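Secondary and tertiary structure notes
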Amino acid sequence: MTGQRQADQALPVLARGLGKKYRRGWALREASLLIPKNRIVALVGPNGAGKSTLMGLVTGLLRPTTGEITVFGEHPTGKGLHPAVSYLAQQKPLYPQLTVAETLKLGARTNPTWDQRYAQYLIEQAAVPSGATVGTLSGGQRTRVALALALGKRPGLLLLDEPLADLDPLARETVLRTLITEARTQGITVVLSSHVLAELEGVCNHLVLLHKGRILLAGDVDRLGAGGTPLGQLALNRMREAAREDAA
Amino acid sequence: MIWVTWRLQRAQLITMLGLLIAGAGVIALLRSNMLEDLASTGLASCVTRTLDECSPAGAAKAFAESWSTSFDVARAVIIGLPALVGVFVGAPLFARELEQGTHVLAFTQSVSRTRWMFGKLLVALVPALVVLIVLQSLVSWWLSAAGILGPFMNGPFTAFNFGIEHVSPVGYALFAFALGTFLGVATRRTLVAMTAGLAAFVVVRLALSGLVDRLVPAQRLEVAPDQPMTVHQDGSLVLGDGWLDAAGQPVSSDKAAALIQACKSTPAGTSNTQEGYLACLPQSGLAKRYADFIPESHAWQVHLVDASIFGGLALLLLAGTAWALRRQS
């Protein structure tokens, strides 16, 4: 029993019967989910499937309407984010009036686990001038700065909401490679959301497929793909099935 | 955390410092000009006397005419500063972050939302209060130098004098600031918080302006009909006055007016003499005149009560702000 609880505490995300209802309707229903450690998770679904809502519930920015969720064994609350969790929202919020160096200083001042050398390394690698004001950077450069801020915290769970949306193909590859290296060497769990499965297919080893607020598929990629069907085909089949059920 | 909030509010803090320096310079200049004016017109000695002893009388009138606008502007600035603190410092503090989505950045670092909130409140509020207190003290220093030739001659209780003295401005500023931050968090819109905050502040400030007088214990002065009521001239705040009958009970004002009118003429119908009039009053049941008042020397009590009312409202609003910020949507 104690062993079970300790195992639960070590789990990055554990959700049972999780649901979130907004004024306009349910964004997530009866989601039961277990994300194990050391995974690169692809959170995939069409627009409006509930990906951002799920991430909001993990970070504690949103409160579940039904069910419960634990992150490293703790319920996310409105007090603040779990210290081992980093989150990069879809809009990549950064203070536009700060310089890149000042943005890193903000990270250093607000996170006890901050690794300044690593964050600076990530900025140098992205070739973003550290004296530039964030407001003057391009979309891709802003993403790199936001990523450095999220990774500099040295998280155990990194949540990235549509991180690749405003990157060019070359930068996508670099960012993904950085993330994989980081995840493998530091043993962190990365959750990447996207509405395009193809861009994550070769990268992730765990898949969570969302459709209209419900989890259609969840599990390790090698187990899901054991039948020989390619992952993209599998996901598409499940979504067609769900659409037929809706119609019926 | 303090560094972060300081850096984010740097432009605003520099603006406030600029305002403080410019304001202090202007006030010091005006004061020295005024003192020169007093010396050159021979009014310097009038400052501490009563107006009747002052000579030459024409010079005092000319002085009042040339300086009254400056005095009024200075007092209006101190009256208006708390509202500006609420509109430009309080309202945008959280509203701008919520509007631009940067609060998500703050909420996803390893700092609790409460600490983030207190850091921001502190860095915004303390400098604003310092600017207010320094300018208030300088204006007071300047107006006091004019003595009875300046606006303080009317006593501490006139609306424009009361609002710029002692702890009252700080109380108003705390309230305006807290109102701005609360509306900012509640509406998540900077412009809405600024305008609604200003309107709500003005309404509450005016609505509560009479309340404070009733919360400080008043003194009662009773005088014989032929004695002067000094409280009307010495700067006291008169809350009520009228007539008492022989038993010491107040006489209603309508009845008193009728009795006074009756005493002004003799039974024969001719106009009464002053002695006859004064003798008639006690016979008709108007034994004494009375006034309930707060003396000038107790003005500080009224200021303290005033500041605690507005300070208490500010605390409630800040608690509401904290609650709204920690609430998960």
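This text goes with the structure placed above it.
Below, the structure is looked at part by part. (Residues numbered from 1 in each chain as written. Chains lettered and ligands numbered in written order. Predicted model: local features only at pLDDT ≥ 70, side-chain atom pairs only at ≥ 80, totals over all residues.)

Across its full length, chain A carries nine helices and nine strands. The globule rule puts the C-alpha radius of gyration for 248 residues at 18 Å, and the 18 Å found for chain A is close to it. With 248 residues in all, chain A has 43% of them scored as buried. Taking all contacts inside chain A whose residues are at least 6 apart in sequence as the whole, residues at least 24 apart take part in 66%. (Helix = DSSP H or I, 4+ residues; strand = E, 2+ residues; numbered from the N terminus. Rg over C-alpha atoms; globule rule 2.2 N^0.38 Å. Buried ≥ 20, exposed ≤ 12 C-beta atoms within 10 Å, placed from the backbone. Contact = placed C-beta atoms within 7 Å.)

So, on to the interface of chain B and chain A. With 20 residues of chain B at the contact, the number on the chain A side is 23 residues. Where the side of chain B that touches chain A is concerned, the elements lending two or more residues are α1 (2-8) and α4 (102-107) of chain B. Residue composition of the side of chain B that touches chain A, grouped by class: eight nonpolar, eight polar and four charged. (Nonpolar A, V, L, I, M, F, W, Y, C, P; charged D, E, K, R; others polar.)

Here the focus is the packing of helix α7 (residues 168-187) of chain B against helix α11 (residues 299-326) of chain B. Residues and elements named next belong to chain B. Running from N to C, α7 and α11 cross one another at 20°; their axes reach a closest spacing of 8 Å. The pairing of α7 with α11 is recorded here as roughly parallel in orientation. Considering how the two elements wind past one another, α7 and α11 form a crossing that is left-handed. The residue makeup of the contact of α7 with α11, split by class, is 18 nonpolar, seven polar and one charged. (Axes fitted to C-alpha atoms, helices over the stretch in contact; angles between N-to-C directions. Parallel < 35°, antiparallel > 145°, perpendicular 65-115°, else oblique. Left-handed = near helix turned anticlockwise from the far one by under 90°.)

Residue and element names in this part refer to chain B. The four strands are arranged β1-β4-β2-β3 in an open sheet whose pairing can be described as antiparallel. At either margin of the open sheet sits one strand with a lone partner, and together these are β1 (219-223) and β3 (250-251). Looking at chain direction, strand β2 (residues 237-244) and strand β4 (residues 288-294) are connected through seven bridges and run antiparallel. Across the sheet, the residue bridging to Trp243 is Arg289, located in β4. (Pairing = 2+ DSSP bridges.)

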